[in-house]
Amino acid sequence: MKSMTGYGKATVTRDNRELTIELKSVNHRFLDISTKIPRAFIAHEDVIRNGLSKGLSRGHIDVFLNYTLVGDTDKTVQVDMALAKGYVESAKQLKDAFPDLHMDFNVNALMRSNEVLTLKQTEEDSEVLREMVAEAVDKAVENLNAMREVEGNALRKDLLAKIDKVEQLLSQVKMYAPEVAEQYREKLRTRVTEALQGVDIDENKLVNEVCFFVDKSCIDEEITRLTSHIQRAREILRDEQPVGRKLDFLVQEFNRETNTICSKSSFLALTNVALEMKNEIEKIREQVQNLE
């Protein structure tokens, strides 16, 4: 199980080339890739995206690529001899035309003359660059996933602890559930007695009213479903595959059942426990957003 946040870096060297890939990952519902690479590598962006798609399933990924030449450079100096000869001949003509002027035209001046010397970059081998990019991406993804897995395991422990807390609260809900009908019966009896001021109460009607309320406010199904959801959440958390989407859906079900319990409850103690469950479930939901 992995978190969606992390950092991974890898460097690949070939001859006098050095290529570094850095990956920064944060939460996102889907796999969202943003590349910040030199223009010379735009043709190889598909290699980056394919490599990330193989190793990652969710998260916003910022990709940084740095490429440098180390040691001997691939640039060469070219001399335009025809142009240089033209400059020299022109200098001689100027000297002949103006003999009183000092002649200080030398080799250094000639080298600085416009376009006599030009730098030419040796064309890179595109296939070699693609191989370097692919290798660097694979290694960077591996390092990123190692970091995400460490954080994911920490999240697993935290989520399991919070699920244990929800289970403890659910046990209190189970304990209070049978008291709901009795609480309502006593409350109804008190109100009827006060209203009728000593008149005998028709117990059958009272029982019917209580039965109607019990049927309407029964939370046995919600308790059963929540118990099942807790068991399923623990099973998912034991899985090493991406589990974020599964847990995200399951937490919605947690919320739905707890909201139903709150809406059915007129027993203050039960309502308080259900509200505490909702608070713990919200904490779970926030943590689940960090999972791949």
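Residues numbered from 1 in each chain as written. Predicted model: local features only at pLDDT ≥ 70, side-chain atom pairs only at ≥ 80, totals over all residues. Heavy atoms only, no water.

> Account for helix H6 (residues 220-237), with residues named and values stated.
Every α-helix carries 3.6 residues per turn, so stepping three or four residues along brings you back to the same face. For H6, with 18 residues, the first-to-last C-alpha span of 26 Å sits near the 26 Å given by 1.5 Å per residue. Within H6, the full set of buried residues consists of Glu222, Ile223, Leu226, His229, Ile230, Ala233, Ile236 and Leu237. Seen along its axis, H6 keeps its buried residues to an arc of 145°; they face one direction. The outward face of H6, more than 90 degrees from its buried face, is lined by the exposed residues Glu221, Thr224 and Gln231. (Helix = DSSP H or I, 4+ residues; strand = E, 2+ residues; numbered from the N terminus. Expected span 1.5 Å × (residues − 1). Buried < 20%, exposed > 50% of the residue type's maximum accessible area, 1.4 Å probe, protein only. Arc of directions from axis to C-beta.)

> Lay out the pattern of salt bridges with the relevant residues and their values.
Two side chains bearing opposite charge may form a pair once their charged atoms approach each other closely. Under the counting rule described, the total for this entry stands at 19 salt bridges. The partner of Glu45 in a salt bridge is Arg49, and the shortest N-O contact between them spans 3.1 Å. Within this pair, Glu45 and its partner Arg49 are both found in helix H1 (residues 45-55), separated by 4 residues, close to a single helical turn. One salt bridge connects Glu135 with Lys139, and the closest N-O pair in it is separated by 3.1 Å. (Salt bridge = Lys/Arg side-chain N within 4 Å of Asp/Glu carboxyl O.)

> Residues and numbers for the sheet that holds strand S2 (residues 17-26), please.
With mixed pairing, 4 strands are arranged side by side in an open sheet as S1-S2-S4-S3. Strands at the two margins of the open sheet, each flanked by one partner only, are strand S1 (6-14) and strand S3 (31-36). Neighbour to neighbour, the strand axes of the sheet diverge by 15° on average, direction disregarded. Bridge analysis of S2 against strand S4 (residues 59-69) gives 10 bridges, and the strand direction is antiparallel. Residue pairing in the sheet places Val26 in a bridge with His60 of S4. Across the sheet, H1 touches S2, S3 and S4, and the angle it forms with S3 is around 145°. (Pairing = 2+ DSSP bridges. Axes fitted to C-alpha atoms, helices over the stretch in contact; angles between N-to-C directions. Contact = heavy atoms within 4.5 Å.)

> Give a detailed account of helix H8 (residues 268-288), specifying residues and quantitative values.
Spanning 21 residues, H8 covers 30 Å between terminal C-alpha atoms, matching the ideal 30 Å at 1.5 Å per step. By the burial criterion, the buried members of H8 are Leu270, Thr271, Val273, Ala274, Met277, Glu280, Ile281, Ile284, Gln287 and Val288.

> Can you lay out the side chain of Thr258 for me, pointing to particular residues and giving the numbers?
Position of Thr258 among the secondary structure elements: in helix H7 (residues 244-264). Using a relative accessible area of 0% as the deciding quantity, one classes Thr258 as buried. Here Phe254 takes part through its backbone oxygen, which lies 2.8 Å from a polar atom of the side chain of Thr258. (Polar contact = N/O pair within 3.5 Å; in protein donor to acceptor, adjacent residues only side chain to side chain.)

> Go over the packing of H7 against H8, please, and point to the residues and values.
One can describe the packing of H7 onto H8 by two numbers: an axis separation of 10 Å at closest approach and a directional angle of 165°. Looking at the two axes, H7 sits roughly antiparallel to H8. The crossing of H7 and H8 is left-handed. Here H7 contributes Gly244, Leu247, Asp248, Val251, Phe254, Asn255, Thr258, Asn259, Ile261 and Cys262 to the contact with H8, which in turn contributes Leu270, Ala274, Leu275, Met277, Lys278, Ile281, Ile284, Arg285 and Val288. Taken together, the residues of the contact of H7 with H8 sort by class into 12 nonpolar, 4 polar and 3 charged. (Parallel < 35°, antiparallel > 145°, perpendicular 65-115°, else oblique. Left-handed = near helix turned anticlockwise from the far one by under 90°. Nonpolar A, V, L, I, M, F, W, Y, C, P; charged D, E, K, R; others polar.)

> Explain the side chain of Ser25 residue by residue, including any values.
Assignment of secondary structure puts Ser25 in strand S2. Within polar-contact distance, the side chain of Ser25 engages the backbone oxygen of Met4 at 2.4 Å.

> Residue-level account of the nonpolar core, with values.
Core analysis: the biggest nonpolar cluster contains 33 residues, and Val173, Leu247 and Phe254 have the highest contact counts within it. Every element with two or more residues in this core is listed here: helix H4 (126-196), H6, H7 and H8. Per element, the largest residue contribution to this core is 9 residues, and it comes from H4. Ignoring sequence-local partners within four residues, the contact set of Leu247 consists of Ala233, Ile236, Leu237, Val288 and Leu291. (Core = buried A, V, L, I, M, F, W, Y, C linked by side-chain atoms within 4.5 Å.)

> Could you give an account of unusual backbone geometry, with specific residues and numbers?
Positive phi, normally seen in glycine, also occurs at Asp15, with a value near 55°. You can see Asp15 is positioned in the loop between S1 and S2.

> Describe the pairing of S2, and please don't skip the residues or the numbers.
Put simply, side chains in a regular strand alternate between the two faces of the sheet. Two strands pair when backbone bridges link them, and S1 and S2 are joined in this way by 9 bridges, in the antiparallel orientation. Directly across from Thr11, in S2, lies its bridge partner Thr20. Taken together, S1 and the strand that follows it, S2, pair antiparallel across an intervening segment of 2 residues, in which Asp15 is found at a positive phi of about 55°.

Keep in mind these numbers describe shape, not what the thing actually does.
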